Amino acid sequence: MTQDERLRVLVLFGGCSTEYGVSLQSARAVLEHMDRTLFTPVMAGITRAGAWQLYTGPLERIEDGSWAQDTEHCAPCVLPADRTRRALLLPETGECVEFDVAFP
């Protein structure tokens, strides 16, 4: 299976909840065990303040919570208002990061 044939899975983590830490631990576990021959992960973290960030850094930084301060591997992102569009929009660059399914 080529990279183009793999399902792109949006893994969401974090958020404005008391369960923030649990979400980070769960996301890391999902990402570590995801079969990369079948799936390509797309990581999107939500800060405690509610800001969405496309995250491309190391998994260790998710679980310990330092991902949100990793400016090298974070880019602001939003979901489009069009529900038929499965993508994260990167306002700073105008790019779109497509995904097939989402795993909250």
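Here, the structure is the one placed above.
Residues numbered from 1 in each chain as written. Predicted model: local features only at pLDDT ≥ 70, side-chain atom pairs only at ≥ 80, totals over all residues. Heavy atoms only, no water.

**Q** Before we go on, may I ask you to explain the side chain of aspartate 70 in this structure?
**A** Among the secondary structure elements, aspartate 70 is positioned in the loop between α2 (60-63) and β4 (74-76). Among the polar contacts listed, one links the side chain of aspartate 70 to the side chain of arginine 61, at a separation of 3.2 Å. Among the polar contacts made by the side chain of aspartate 70, one reaches the side chain of histidine 73 at a distance of 2.9 Å. Not counting residues up to four positions away in its chain, the partners in contact with aspartate 70 are Tyr55, Pro58 and Arg61. (Helix = DSSP H or I, 4+ residues; strand = E, 2+ residues; numbered from the N terminus. Polar contact = N/O pair within 3.5 Å; in protein donor to acceptor, adjacent residues only side chain to side chain. Contact = heavy atoms within 4.5 Å.)

**Q** What exactly am I supposed to notice about the sheet that holds strand β1 (residues 7-14) here?
**A** In a beta sheet, neighbouring strands pair by backbone hydrogen bonds and run either parallel or antiparallel. Judged by pairing direction, the sheet is mixed, and its five strands sit side by side in the order β4-β3-β2-β1-β7 without closing on themselves. With partners counted over all chains shown, the strands left at the sheet margins are β4 and β7 (101-103), one partner each. Taking the axes of each pair of neighbouring strands and ignoring which way they run, one obtains an average angle of 30 degrees across the sheet. Helix-sheet contacts for helix α1 (residues 20-33) involve β1, β2 (39-46) and β7, and the interaxial angle to β1 is about 155 degrees. (Pairing = 2+ DSSP bridges. Axes fitted to C-alpha atoms, helices over the stretch in contact; angles between N-to-C directions.)

**Q** Just checking my understanding: could you explain the pairing of strand β3 (residues 52-55) for this structure?
**A** As paired strands, β2 and β3 are joined by four bridges and run antiparallel to one another. Across the sheet, residue glycine 45 finds its bridge partner in β3, namely glutamine 53. Count of turn residues in the β2/β3 antiparallel hairpin: five residues, of which glycine 50 carries a positive phi of about 100 degrees. Sheet topology note: the β3/β4 ladder contains three bridges and is antiparallel. The partner of leucine 54 across the bridge, within β4, is alanine 75.

Shape is all these values report; function is a separate question.
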